[in-house]
Amino acid sequence: MPSRLTPLLAVAALLGAASLFAQETIRIGEYASLTGKEAAYGETSHKGILLAIEELNAQGGVLGKKLELFTEDNQSKQGESATAVKKLISREKVVAILGEVASIRSLEAAPVIQGAKIPMVSSASVNSRVTEVGDYIFRVCFVDSFEGAVLAKFAEDHLKARRVAILTSVSNAYSVGMSKVFKERFTAAGGQIAVEQRYSEGDKDFRAQLTAVKAAGVDAIFASGYYTEAALICVQARQLGLNIPIFGGDGWDAPPLLEIGGAAMEGTYLCAHYSPDNPSAEVQNFNQRYRARWGSLPDAWAALGYDSAFVLADAIRRAGSAEPKAIRDALAATKDYSAVTGRITIDAKRNASKSAVILTVKDGKYKFVTSVAP
Ligand code: PHE
């Protein structure tokens, strides 16, 4: 008898040890573009998340347990985010997932995460459809309809633009969404969209579109896509003699925009989530901690990544449990959480209502212009 029982007991002991181990840490997943075309923001958002996890663990963790971060790189490639989160869920057995910055990748991963009933907190995906995927999908940033309204008002009041051209990356849901909301708001306020031109992700030559823009005679150009294409659009617009204001959304907010665009970016504007120039104590404090850890100032993606991890940790603490459903319910009840990027209250649609900032490019650097409250 004992000889037959021994292996069973050994297995039981192993299982016991495994489940005990599983309970020792709270396993958090992250999917991010650590390499590839959009690595500029994947890297900094990862650094923000890592700093948050380290700080939380230094404070003793959450519910007496250390947080353990499992990160998957999607290489900025379509198709890879779904694979990444499947791995996090089935292999790493994470109880919640952080990511992504880009709406195009959040939209890809969210259905998988929703299907598994694991809560997801996106740091910076503004596209309205992201949280519409389901009741487990949250974000800690504002939504594109707010950002579009901010930009429409800015174009009207500050740029005094009446006729605007829109350039949209039709293969990018973020750009399509931003162009749509901007158009609605700008025309509702009496402005005119004189010409709309389209391109696709990865395009490098925008001269045909810009020639059409030039022929239409506009006061300003809204380039609603991500930074790589936006910078090339600015360079080629200047080459064609289009010396009118060009502006974009938060998809412009990354150092490569300034590197690729160079002098062509001077005097352009963008709507952003965060400015390290903000004199508020929270921002200045965060700047210091981030710099001490990583040797540079944080950008919006670092700040939002950091906030996404803290909002999640706060929910786990309030839930009193690291069980996905309990975390989801606590996330939905987030109210007035004081984060680095502003106060965060999660609304009925699992979105955050937050202030935006307008930045301009001056002497090759982003410079704070104004802050706009919801
Ligand atoms: N807010 C953008 C989005 O929703 C995120 C982003 C920022 C993407 C910067 C690219 C560059 O997609």
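Residues numbered from 1 in each chain as written. Predicted model: local features only at pLDDT ≥ 70, side-chain atom pairs only at ≥ 80, totals over all residues. Heavy atoms only, no water.

### Quick word on the pattern of salt bridges
By the definition in use, this model includes 19 salt bridges. Linking R27 and E68 is a salt bridge whose minimum nitrogen-to-oxygen distance equals 4.0 Å. Of this pair, R27 sits in strand β1 (residues 25-32) while E68 sits in strand β2 (residues 66-73); the two residues are 41 residues apart in sequence, bridging distant segments of the chain. Ionic pairing is found between E196 and K183, a salt bridge with its closest N-O pair at 2.8 Å. Separated by 13 residues along the polypeptide, E196 in strand β7 (residues 192-199) and K183 in helix α7 (residues 173-188) bring together distant segments of the chain. Overlapping salt bridges, with partners in common, bring together K37, E38, E100, R105, E201 and E229 in one network. (Salt bridge = Lys/Arg side-chain N within 4 Å of Asp/Glu carboxyl O. Helix = DSSP H or I, 4+ residues; strand = E, 2+ residues; numbered from the N terminus.)

### Re the environment of F222
Within the secondary structure, F222 sits in strand β8 (residues 220-223). With relative accessibility at 0%, the residue F222 sits in the buried group. The spatial distance from the C-alpha of F222 to the C-alpha of I246 is 5.9 Å, given a sequence separation of 24 residues. (Buried < 20%, exposed > 50% of the residue type's maximum accessible area, 1.4 Å probe, protein only.)

### As for the sheet that holds strand β6 (residues 163-169)
Taken together, 7 strands build an open sheet; the order of strands is β7-β6-β8-β9-β10-β13-β14 and the sheet is mixed. Each edge of the open sheet is held by one strand with a lone partner, namely β7 and β14 (365-372). When the angles between neighbouring strand axes are averaged without regard to direction, this sheet yields 25°. Looking at chain direction, β6 and β8 are connected through 4 bridges and run parallel. Its bridge partner being in β8, V164 is matched across the sheet by A220. Together, β8, β9 (246-248), β10 (269-272), β13 (356-362) and β14 form the strand contacts of helix α6 (residues 144-157), whose direction differs from that of β13 by roughly 55°. Sitting on the sheet, helix α8 (residues 207-216) touches β6, β7 and β8, and the angle it makes with β7 is about 170°. (Pairing = 2+ DSSP bridges. Axes fitted to C-alpha atoms, helices over the stretch in contact; angles between N-to-C directions. Contact = heavy atoms within 4.5 Å.)

### A look at the packing of α6 against α7
At their nearest, the axes of α6 and α7 sit 8 Å apart, and the two run at 50° to each other. The angle between the axes of α6 and α7 places the two elements in the oblique class. Crossing handedness for the pair α6 and α7: right-handed. Contacts between α6 and α7 pair D144, S145, E147, G148, A149, L151, A152, A155 and E156 from the former with Y174, G177, M178, V181, F182, R185 and F186 from the latter. Counted by class, the contact of α6 with α7 contains 9 nonpolar, 3 polar and 4 charged residues. (Parallel < 35°, antiparallel > 145°, perpendicular 65-115°, else oblique. Left-handed = near helix turned anticlockwise from the far one by under 90°. Nonpolar A, V, L, I, M, F, W, Y, C, P; charged D, E, K, R; others polar.)

### Quick look at the site of the ligand
Around the ligand, 13 residues are found, and the nearest of them are Y41, S103, A124, Y226 and D250. At a separation of 3.0 Å, an oxygen atom of the ligand approaches a polar backbone atom of V126. With respect to the ligand, the side chain of Y226 contributes an N or O atom lying 2.6 Å from an oxygen atom. When the residues that make up the shell around the ligand are grouped by side-chain class, the tally is 9 nonpolar, 3 polar and 1 charged. For the shell around the ligand, the domains that each give at least three residues are domain 1 (2-142 + 281-354) and domain 2 (145-272). (Near = heavy atom within 4 Å. Polar contact = N/O pair within 3.5 Å; in protein donor to acceptor, adjacent residues only side chain to side chain. Domains from an automatic or database assignment.)

### Notes on the pairing of β14
Sheet topology places β13 next to β14; 7 bridges connect them, and they run antiparallel. The partner of K362 across the bridge, within β14, is K365.

### Observations concerning the environment of P119
Mapped onto the elements of the fold, P119 is located in the loop between α4 (103-115) and β4 (120-122). P119 gets classed as buried once you look at its relative accessible area, which sits at 1%. Expressed as a C-alpha distance, the spacing of P119 and P324, which sit 205 residues apart in the sequence, is 6.2 Å. Beyond its immediate chain neighbours, meaning those up to four positions away, P119 contacts V95, A96, I97, I113, Y136, P324, I327, R328 and L331.

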